Amino acid sequence: MKKIDIKNSSFVINENASIQQAMESITDNQRGTAIVVDDEFYLVGIVADGDIRRAMVSGATVLAPIS
C-alpha cells in the first residue's frame with residue numbers, strides 16, 4: 001500500500017482555506033472531494049464539489065473560508 005504525505009497532499013486542506021483553494025485541491029486530486037483538517041491535522045469534515053456549488057448558489061464567494 002502506498003503511503004500519502006497528508007501535509008503535502010491535494011486530498012487534504014486546512015479548515016481556514018478559501019473556497020478557491022478547496023476547488024483547486026478537488027481539481028488536482030480528481031476525486032470530487034477534499035478532506036478538511038484543523039491546524040493539528042484532526043479531521044473536521046469532508047467537502048465535495050457539490051457542497052461548494054450549493055454554497056456559491058447561496059451567495060458565497062471564492063474568497064470565503066471553506067469552514
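The following paragraphs examine the structure supplied in this document. (Residues numbered from 1 in each chain as written. Predicted model: local features only at pLDDT ≥ 70, side-chain atom pairs only at ≥ 80, totals over all residues. Heavy atoms only, no water.)

Consecutive residues of a regular strand have side chains that alternate between opposite faces of the sheet. Both strand 2 (residues 33-37) and strand 3 (residues 43-48) contribute to a ladder of five bridges, which runs antiparallel. Bridging from a neighbouring strand, valine 36 pairs with glycine 45 of strand 3. Two successive antiparallel strands, strand 2 and strand 3, enclose a turn made up of five residues, where phenylalanine 41 displays a positive phi of approximately 65 degrees. (Pairing = 2+ DSSP bridges. Helix = DSSP H or I, 4+ residues; strand = E, 2+ residues; numbered from the N terminus.)

In space, the three strands of this open sheet follow the order 1-2-3, with mixed pairing throughout. A strand with exactly one partner marks an edge of an open sheet, and here the two such strands are strand 1 (12-14) and strand 3. Averaged over all adjacent pairs, the angle separating strand axes in this sheet is 35 degrees, with direction ignored. Strand direction decides the pairing type here: strand 1 and strand 2, joined by three bridges, are parallel. Within strand 2, the position partnered with isoleucine 13 by the bridge is valine 36. (Axes fitted to C-alpha atoms, helices over the stretch in contact; angles between N-to-C directions.)

Here serine 18 is to be found in the loop between strand 1 and helix 1 (19-29). Owing to a relative accessible area of 13%, serine 18 belongs among the buried residues under this scheme. Once residues within four sequence positions are removed from consideration, serine 18 is found in contact with Val62, Leu63, Ala64, Pro65 and Ile66. (Buried < 20%, exposed > 50% of the residue type's maximum accessible area, 1.4 Å probe, protein only. Contact = heavy atoms within 4.5 Å.)

This next bit is on unusual backbone geometry. Non-glycine residue glutamine 30 carries a positive phi angle of around 55 degrees. Examined against the element boundaries, glutamine 30 turns out to sit in the loop between helix 1 and strand 2. The phi torsion at phenylalanine 41 lies on the positive side, around 65 degrees, for a residue other than glycine. Turning to its location among the elements, phenylalanine 41 is positioned in the loop between strand 2 and strand 3. In this structure phenylalanine 41 comes out as partly exposed when scored by relative accessible area, which is 35%.

Look at helix 1 against helix 2 (residues 49-57): their axes get within 10 Å of each other, and the N-to-C directions meet at 150 degrees. In terms of their interaxial angle, helix 1 and helix 2 are classed as roughly antiparallel. In this structure, helix 1 crosses over helix 2, and the sense of that crossing is left-handed. Residue-level inspection shows Ile19, Ala22, Met23 and Ile26 of helix 1 in contact with helix 2, the latter providing Asp49, Ile52 and Met56. A breakdown of the residues in the contact of helix 1 with helix 2 according to their chemical character gives six nonpolar, no polar and one charged. (Parallel < 35°, antiparallel > 145°, perpendicular 65-115°, else oblique. Left-handed = near helix turned anticlockwise from the far one by under 90°. Nonpolar A, V, L, I, M, F, W, Y, C, P; charged D, E, K, R; others polar.)

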